[in-house]
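Here are the chains, one letter per residue:
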Amino acid sequence: NGVFVNNSDGTVSFNTLNVDGATTGIQLTGQAGNDNASFTAMGGTIENVSGDGANILNYPVATLSNMTINGGRDGVDITSTSVVSSTVVLDNNTIRGDSGFGVDINAEGNTVSTLNVSIENGTSITASGNALDVQTTTNSGAIELNLDNIELTSTGGLGIFIDASGASEDLNGNGMLD
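How each quantity is defined
Residues numbered from 1 in each chain as written. Predicted model: local features only at pLDDT ≥ 70, side-chain atom pairs only at ≥ 80, totals over all residues. Heavy atoms only, no water. Helix = DSSP H or I, 4+ residues; strand = E, 2+ residues; numbered from the N terminus. Polar contact = N/O pair within 3.5 Å; in protein donor to acceptor, adjacent residues only side chain to side chain. Contact = heavy atoms within 4.5 Å. Buried < 20%, exposed > 50% of the residue type's maximum accessible area, 1.4 Å probe, protein only. Phe/Tyr/Trp six-rings, centres within 6.5 Å; stacked < 30°, edge-to-face > 60°.

1. Considering the side chain of Asn-93
Here is step 1: Within the element layout of this structure, Asn-93 appears in the loop between strand S11 (86–91) and strand S12 (94–97).
Here is step 2: There is a polar contact of 2.8 Å between the side chain of Asn-93 and the backbone nitrogen of Met-67.
Here is step 3: In terms of polar contacts, Asn-93 uses its side chain to reach the backbone carbonyl oxygen of Asp-91, at 3.3 Å.
Here is step 4: In contact with Asn-93, other than residues within four places in its own chain, are Leu-64, Ser-65, Asn-66, Met-67, Gly-122, Thr-123 and Ser-124.

2. Considerations on the environment of Ala-107
Here is step 1: Looking at the element boundaries, Ala-107 is found in strand S13 (residues 103–107).
Here is step 2: Judged by relative accessible area, Ala-107 falls into the buried class, the value being 4%.
Here is step 3: Apart from the residues within four sequence positions on either side, Ala-107 is in contact with Ser-80, Gln-135, Thr-136, Thr-137, Ser-140, Gly-141 and Ile-143.

3. Section: the packing of aromatic side chains
Here is step 1: Taken as a whole, this structure holds one aromatic pair when the rule is applied.
Here is step 2: For the pair Phe-39 and Tyr-59, a centre-to-centre distance of 6.5 Å together with 70° between the ring planes defines the contact as edge-to-face. Taken together, the positions of Phe-39 in strand S5 (residues 38–42) and Tyr-59 in the loop between strand S7 (52–57) and strand S8 (61–65) put the pair 20 residues apart, joining distant regions of the chain. In terms of burial, Phe-39 and Tyr-59 fall into one category: buried.

Taken by themselves, the reported measurements are silent on function.
If you want it as structure tokens, here you go:
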């Protein structure tokens, strides 16, 4: 991984993070027991031609703001497998997934948490697969998806793909696409 953050509070900004060959450009991983960790990455570019641009796993509160994120697979991968609810905000970013999804959102295998994802303020998402891919697995918790002033482009998939067939809770969507 290029940058690994394990359940810590903080803010980071940088000019360019080029991590070709890494699994992910920036990895944010939450751990049970610290349900209030909050991390913000702002400004700069993440470039990873062979892996994901950013990967957010079970992080209580994560914000990526004013960034360019280019992933050779997915641009941003957001996954919840924990009993800890998560909030992820993608604010005013340019996100690209070269061989996968632009933003891949997954709720997997817990029924008590909620994954809140907001994509907003002029975020542009481009992918060869689905620009925005939202999926749940069996017995997963709820997903709250909020979209506001975003642009989606897919060269070989769908703009938005949602499969909530495995959810034991709700998938709620709010917002408008421009």
